[in-house]
Amino acid sequence: MLIRSFPRWMAHSLSAETVLCLKPGGWSSMSDLSPFPVPADDSSLHGPVFLQEPNSLIFPLDSEEKKVKLSCEVKGNPRPTIGWKLNGSSIDVGMDYRYSLLEGSLLINNPNKSQDAGTYQCVATNPFGTIVSREAKLQFAYLENFKTRSRSTVSVRQGQGMVLLCGPPPHSGELTYAWIFNEYPSFVQQDSRRFVSQETGNLYIAKVESSDVTNSRVLGPPTPLVLRNDGVMGEYEPKIEVQFPETVPSAKGTTVKLECFALGNPVPTISWRRADGKQLPRKARRHRSSGLLEIPNFQQEDAGLYECVAENVRGRNVARGQLTFYAQPSWTQRISDVRAAIEERVSWECRASGRPKPSYRWLKDWGAPFAVLFPQGRVQLEQGSLSIANVSLSDAGMYQCVAENRHGVIFASAELSVIAIGPDFSKTLLKKITLVKVGGEVIIECKPKASPRPTYSWKKGKDILRENERITVLEDGSLRIVNVTKSDAGSYTCVATNHFGTASSTGSLLVKDPTRVMVSPFSMDVTVGESIVLPCQVSHDHSLDIVFTWTFNGHLIDFEKDGDHFERQDSAGDLMIRSIQLKHAGKYVCMVQTSVDKLSAAADLIVRGPPGPPEAVTIDEVTDTTAQLSWRPGADNHSPITMYVVQARTPFSVGWQAVSTVPEVIDGRTFTATVVGLNPWVEYEFRVVAANLIGIGEPSSPSEKRRTEEALPEVTPANVSGGGGSKSELVITWETVPEELQNGGGFGYVVAFRPLGTVSWMQTVVASPDAARYVFRNESLPPFSPYEVKVGVYNNKGEGSFSPVTVVYSAEEEPTRAPTTVLARSLSASDVEVSWAPPWENQHKGRIQGYEVRCWRHGEKEENAKRIRTVGNQTSTRVSNLRGNALYHLAVRAYNTAGTGPSSAAVNVTTKKPPPSQPPGNIVWNSSDSKIILNWDQVKALDNESEVRGYKVSISMVQGSTSVIETNKTSVELSLPFEEDYIIEIKPFSDGGDGSSSEQIRIPKISSSGSSTSSACTLSALSTIMISLTARSSL
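Residues numbered from 1 in each chain as written. Predicted model: local features only at pLDDT ≥ 70, side-chain atom pairs only at ≥ 80, totals over all residues. Heavy atoms only, no water.

Visitor: What should I look at first to understand the overall build of the protein chain in this one?
Guide: Secondary structure assignment for the protein chain yields three helices and 91 strands. Relative to the compact-globule value of 31 Å for 1035 residues, the protein chain shows a C-alpha radius of gyration of 63 Å, a clear excess of over 25%. Considering only C-alpha atoms, the protein chain reaches an extent of 155 × 125 × 80 Å along its principal axes. Every one of the 1035 residues in the protein chain was classed for burial, and the buried ones make up 43%. Surface accessibility of the protein chain: about 54,600 Å² in total, with carbon and sulfur atoms responsible for 48%. Taking the average place of the 106 positive charges on the side chains of the protein chain and the average place of its 111 negative ones, the gap between the two points comes to 7 Å. (Helix = DSSP H or I, 4+ residues; strand = E, 2+ residues; numbered from the N terminus. Rg over C-alpha atoms; globule rule 2.2 N^0.38 Å. Buried < 20%, exposed > 50% of the residue type's maximum accessible area, 1.4 Å probe, protein only. Areas by Shrake-Rupley, 256 points an atom, 1.4 Å probe, with all protein chains shown as cover. Lys, Arg positive; Asp, Glu negative; His and termini not counted. Charge placed at Lys NZ, Arg CZ, Asp CG, Glu CD.)

Here you go:
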């Protein structure tokens, strides 16, 4: 795009809203073009941009598709036109029928290697400029036939090395070589003895064998191979016939192939290494018995001196070559479009990596005169940087940064748009109303769009505003007024002018009275739990809204989240703090804001409370009963610490317990104490609690756990006793000493005993601290003999004291005689009574502690008998819960702690018949003025039941008292129930016991008034009928 300067008269004729751009046919007005933002989509006008650039191609001449396509896709607005260049010269598509364009891509029909081979570039142009694509090479691949003349016979000795030359025909492009053995398709197989070089096509045989005699060829005339008959070739050292060049330039990312093969007898082995001692790349691969080393994705670290070593038993040979690294340029930083205001400075920087390091050049509108930029005047070039000072419209266009080295060239494109526009306030009007307080400072911004930068002037009302010590026009055109007064109020107009026009915008300045704090919060000293109000009252201009906010230690108070403690007073800005805690201590700031000013007032709140927890409680020294502690004081929370209390905890205590210390009272200035009265050999941990005049604080963290030292045991077992056991045993028991009182490890008991009245003690050691019993066995031990017993304690430190002496009896013998005169009589259908006489004292051994009665029903086994035991001298007992009218056998024997004696002879007894099973029926009651008469039907016993001897009438009160009346009649008289209702039950009784009871009858209490009595009598008559019916129905 060609931009020319325009006459001065044209500039003066443009309006303030005119933007200048060049299009074909001259200048045009584009008032809708935004001069500063870079366009984000294709709807805005912009220069050409490549979407796809051509790639290098290799075209096979024998291809069936006689067509080549070089792709090029471009966007731009207006749509760019596309042209092509071959070897720097423009291609006239219209002059050669073989050329055509398809949406910018170049199509070549029937391509010809002599005419069409070369370097192509795509050129894109629109009114904003021209850009050129990267270079794309078009090459032609072909392979002609071998010459048909025959090849000479090769004569060789067996064991000799040999080379068969390929002599490839004329060609272009990379070839792949293979040799045919005798006839196609029998190919020569490559191995450690035979190798086909892909560089020359030659066939190398390290050591000829008889099987090699044949005609070999590469799709050309055969090469006959015959063996000489003048002997076999002897052994000789390797001779390297195939080796890579001394220097191998290798491109970044390519696959590098190094060939190495040697002739020799025996067949040499091939190995590879780096001469600098580094390991071969792990990605390196060896092919064809190591004759080919392949390094894929070649990088800088792969470069170096490589060696091929060929060796056999006769010697070794080495070939060396240097792999050098090169890389085509690749962008690391591209340039991007720039929109600049006229007279601004524009800078671009592009960066590319490559080996060797790329050089840079810059193009502007490729193909135009002076398209290559040079550093002169306003244009500065340095490496990949381009800088243009004081840009003008003529600088607009398409720029390209070109990075190149001897291995390639790359292009990066960007557009420079130069904007020229008169001042425009349409989107940046002055603020309609600006508020400021008296004595304050105000800046009225004036920021029109304009290019170049305009000059500014201001008016107040219709008068030109003059600058003075209070009024200043800033560099960006804004108006600054300091120490504002009421007289500064009014309308202000900003006038902006450049050589493309003049524009203005007007706004008003309102001056308000300042806000003043009348009652500010003041610092306070409070105690935990109190509630206070921090005042914050102001005077302000009542035409303005006012907002109060409070901060606490720099953080805004959230009255919803912290509403439990903070409350804003509705009438003013006062802050109420309820139930103050230690965490509420700090700095409170009341902030007052209007639309013209903002001010604040602060106060410090000191909260006094119980002390914080002491720190670093340490056990400095322990003995068996003491512990020396030290600690650091915690926060006193603005009230001096008056006292410390030490608490301890052991595995045996319930929580933390206060302990005795020296000094007994620890004042607030003392940070050490000795805990006394501890138990030896117990693991303790300690904590310290501080107190002040306000209260007791939180306890410290626990100290480490420490065990007190061991000491002799002091506590003896309690409740030493015993007795019982089997024959010839003395059983001694005691209560174990708790672990916390054992005073050391290795704790156990010493049991001492002696016959009552003797001097010498027998002792034994019980090593278990959990033992609570010792049994002494001796066949000569007299039964039930008294022994004095005591139990002592010991631990690792030695023996402690013994418990007080107590008397324990040895085990006794079981009784040897049976009770006599055993009698049994039936008391009822379920109970019998049994009695006996004790055996004579001079006829048995063993103390009798009581008797055991066994009772079993006839037909049952004696071992399943019911057993009832008596205690002491009791010689009779009752056996209950038996079956009625049944035969039972009973026997009695004496017992003591040693066991039971022999049983008496069994006696028999038959229980009485069961009582009547039928309850009394047809129960009726009548009342008179002084009594109640109950009547019921006589109960008749069944054949297997005891005869009825009478009836028991149970009278219960609702409150719980009960009385029973026995009668041999079927009626009874009762006094009237004046106090509460009667509950009546009637049951028969017999020799077999009490029979079944009737249902409960409720008789309501009688009113004391005369009218109530007659009424009660009436009710009684009705009740009699109801009860009678009920009794009959139940029967």
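Visitor: What am I meant to see in the state of the cysteines here?
Guide: Here, disulfide denotes a covalent bond that connects the sulfur atoms of two cysteines. Evaluated as defined, the whole model comprises five disulfides. The disulfide partner of Cys72 is Cys122, and the gap between their sulfur atoms is 2.1 Å. Disulfide Cys72 to Cys122: torsion about the S-S bond roughly -75°, handedness left-handed. Of the two residues, Cys72 sits in the loop between β5 (67-70) and β6 (73-77) while Cys122 sits in strand β11 (residues 118-126), which places them 50 residues apart along the sequence. Across the pair, exposure class does not vary: Cys72 and Cys122 are buried alike. (Disulfide = S-S within 2.5 Å.)

Visitor: Would you take a moment to explain the packing of aromatic side chains for this structure?
Guide: Two numbers describe a pair of aromatic rings. These are the distance of the centres and the angle of the planes. All chains considered together, the criterion is met by 19 aromatic pairs. Taking the centre distance of 6.3 Å and the plane angle of 55° together, the rings of Phe566 and Tyr588 count as tilted. Of the two residues, Phe566 is situated in strand β55 (residues 566-568) and Tyr588 in strand β57 (residues 586-593); the sequence distance between them amounts to 22 residues. Taking the relative accessible area as the measure of exposure, Phe566 reaches 6% and is therefore buried. Here Tyr588 falls in the buried class, since its relative accessible area comes to 0%. Judged by centre distance (5.4 Å) and plane angle (55°), the ring pair of Trp836 and Tyr851 falls under tilted. Placement of the pair is Trp836 in strand β77 (residues 832-837) and Tyr851 in strand β78 (residues 850-857), with a sequence separation of 15 residues. (Phe/Tyr/Trp six-rings, centres within 6.5 Å; stacked < 30°, edge-to-face > 60°.)

Visitor: I'm lost on the UniProt feature "domain: Ig-like" (unreviewed entry) in the protein chain in this one. Help?
Guide: With numbering aligned to this structure, UniProt lists the feature "domain: Ig-like" (unreviewed entry) at residues 54-139, 238-324, 329-417, 423-512 and 514-600. The span residues 54-139 is 5% helical and 55% strand by assignment, and the distance between its end C-alpha atoms comes to 14 Å. Between the end C-alpha atoms of residues 238-324 the distance is 28 Å, and the span holds 0% helix and 59% strand. (UniProt positions renumbered as here; feature names shortened; annotations may be inferred.)

Visitor: Looking at this structure, I do not really get the sheet that holds strand β15 (residues 162-164). What am I missing?
Guide: Backbone hydrogen bonds hold the strands of a sheet together, and the pairing may be parallel or antiparallel. Strand order across the open sheet formed by three strands is β15-β19-β18, with antiparallel pairing between neighbours. Two strands close off the open sheet at either side, each with one partner strand: β15 and β18 (194-196). Strand-to-strand twist in this sheet, taken as the mean axis angle between neighbours without regard to direction, amounts to 15°. Examined bridge by bridge, β18 and strand β19 (residues 203-205) share three bridges and lie antiparallel to one another. The partner of Arg194 across the bridge, within β19, is Ile205. (Pairing = 2+ DSSP bridges. Axes fitted to C-alpha atoms, helices over the stretch in contact; angles between N-to-C directions.)

Visitor: Could you clarify how one ought to interpret the pairing of strand β12 (residues 129-132) in this entry?
Guide: Consecutive side chains along a regular strand alternate between the two faces of the sheet. Here β12 shows no split at all, with Gly129 and Ile131 on one side and Thr130 and Val132 on the other all buried. In the sheet, β11 pairs with β12 via four bridges, with the strands oriented antiparallel. Within β12, the position partnered with Ala124 by the bridge is Ile131. Hairpin connection from β11 to β12: two residues lie between these consecutive antiparallel strands.

Visitor: I tried to follow the side chain of Glu945 on my own but got confused; where do I start?
Guide: Here Glu945 is to be found in the loop between β85 (931-935) and β86 (948-957). Separated by 3.0 Å, the side chain of Glu945 and the backbone nitrogen of Leu942 make a polar contact. Excluding residues that lie within four positions of it along the chain, Glu945 makes contacts with Lys913, Pro914, Pro915, Pro916 and Ser917. (Polar contact = N/O pair within 3.5 Å; in protein donor to acceptor, adjacent residues only side chain to side chain. Contact = heavy atoms within 4.5 Å.)

Visitor: I keep staring at the nonpolar core and nothing clicks. Help me out?
Guide: Note on soluble globular proteins: their nonpolar side chains tend to be buried together. Trp331, Ile335, Trp348, Trp362, Leu386 and Leu416 are the most contacted members of the largest nonpolar core, which has 27 residues in total. Put simply, the parts of the chain that give this core at least two residues each are β32 (346-349), β34 (359-364), β36 (385-388), β37 (397-405) and β38 (408-419). With five residues, β38 is the largest single contributor of residues to this core. Look past the residues within four positions of Trp348 in its chain and what remains in contact with it is Ile335, Ser336, Val338, Trp362, Gly384, Ser385, Leu386, Tyr399, Ala414, Glu415 and Leu416. Counting 22 residues, the second largest nonpolar core, distinct from the first, contains Phe298, Ala310, Leu323 and Ala327. (Core = buried A, V, L, I, M, F, W, Y, C linked by side-chain atoms within 4.5 Å.)

Visitor: I keep staring at a nonpolar patch on the surface and nothing clicks. Help me out?
Guide: Together, Leu756, Phe784, Val807 and Tyr809 make up an exposed nonpolar region whose accessible area comes to about 340 Å². In this fold, Val807 is placed in strand β75 (residues 806-809). Its relative accessible area of 42% is what places Val807 among the partly exposed residues. (Patch = residues over 30% accessible without salt bridge, like charges linked within 9 Å, V, L, I, M, F, W, Y side chains within 5 Å. Salt bridge = Lys/Arg side-chain N within 4 Å of Asp/Glu carboxyl O.)

Visitor: How should I be thinking about the sheet that holds strand β88 (residues 971-975) in this particular structure?
Guide: As summarised here, the arrangement of the three strands in space is β84-β85-β88, forming an open sheet in which the pairing is antiparallel. Edge positions in the sheet fall to β84 (924-927) and β88, since each of these pairs with one other strand and no more. Here the average twist between neighbouring strands, direction ignored, is 20°. Two elements, β84 and β85, share four bridges in a ladder whose sense is antiparallel. Each bridged residue has a counterpart across the sheet, and for Asn926 the counterpart in β85 is Ile933.

Visitor: Before we go on, may I ask you to explain unusual backbone geometry in this structure?
Guide: Peptide bonds are mostly trans, and most non-glycine residues show a negative phi. Residue Asn77 is joined to Pro78 through a cis peptide bond whose omega torsion reads 5°. Summarising the element assignment, Pro78 is placed in the loop between β6 and β7 (81-86). Here the residue pair Arg355 and Pro356 is connected by a cis peptide bond, since its omega of 5° sits within 30 degrees of zero. Mapped onto the fold, Pro356 is located in the loop between β33 (351-355) and β34. Phi at Asn637 takes a positive value of approximately 50°, unusual for a residue other than glycine. Within the fold, Asn637 resides in the loop between β60 (627-632) and β61 (641-649). Residue Asn637 is classed as buried on the basis of its relative accessible area, which comes to 16%.

Visitor: Mind showing me how you'd approach the UniProt feature "domain: Fibronectin type-III" (unreviewed entry) in the protein chain here?
Guide: Under the UniProt annotation, the feature "domain: Fibronectin type-III" (unreviewed entry) is placed at residues 613-711, 716-813, 818-914 and 915-1009. Its end C-alpha atoms 34 Å apart, residues 613-711 is made of 0% helix and 45% strand. Across residues 716-813, helical content stands at 0% and strand content at 50%; the span's end C-alpha atoms are separated by 32 Å.

Visitor: Would you take a moment to explain the pattern of salt bridges for this structure?
Guide: If charged atoms from side chains of opposite charge come close, those side chains can pair. What the rule picks out here adds up to 41 salt bridges. In this structure, the salt-bridge partner of Glu235 is Arg314, at a minimum N-O distance of 4.0 Å. With Glu235 in the loop between β21 (223-227) and β22 (236-242) and Arg314 in the loop between β29 (304-312) and β30 (315-333), this pair connects stretches of sequence that are 79 residues apart. For Glu235, a relative accessible area of 46% puts it in the partly exposed group.

Visitor: What's the story with the environment of Val156 in this structure? I'm lost.
Guide: Considering the arrangement of structural elements, one finds Val156 in strand β14 (residues 154-156). Residue Val156 is classed as buried on the basis of its relative accessible area of 2%. For Val156 and Glu349, which are 193 residues apart along the polypeptide, the C-alpha to C-alpha distance reads 67 Å. Every residue in contact with Val156, bar those within four places of it in the chain, is listed here: Gly161, Met162, Val208, Leu225, Val226, Leu227 and Arg228.

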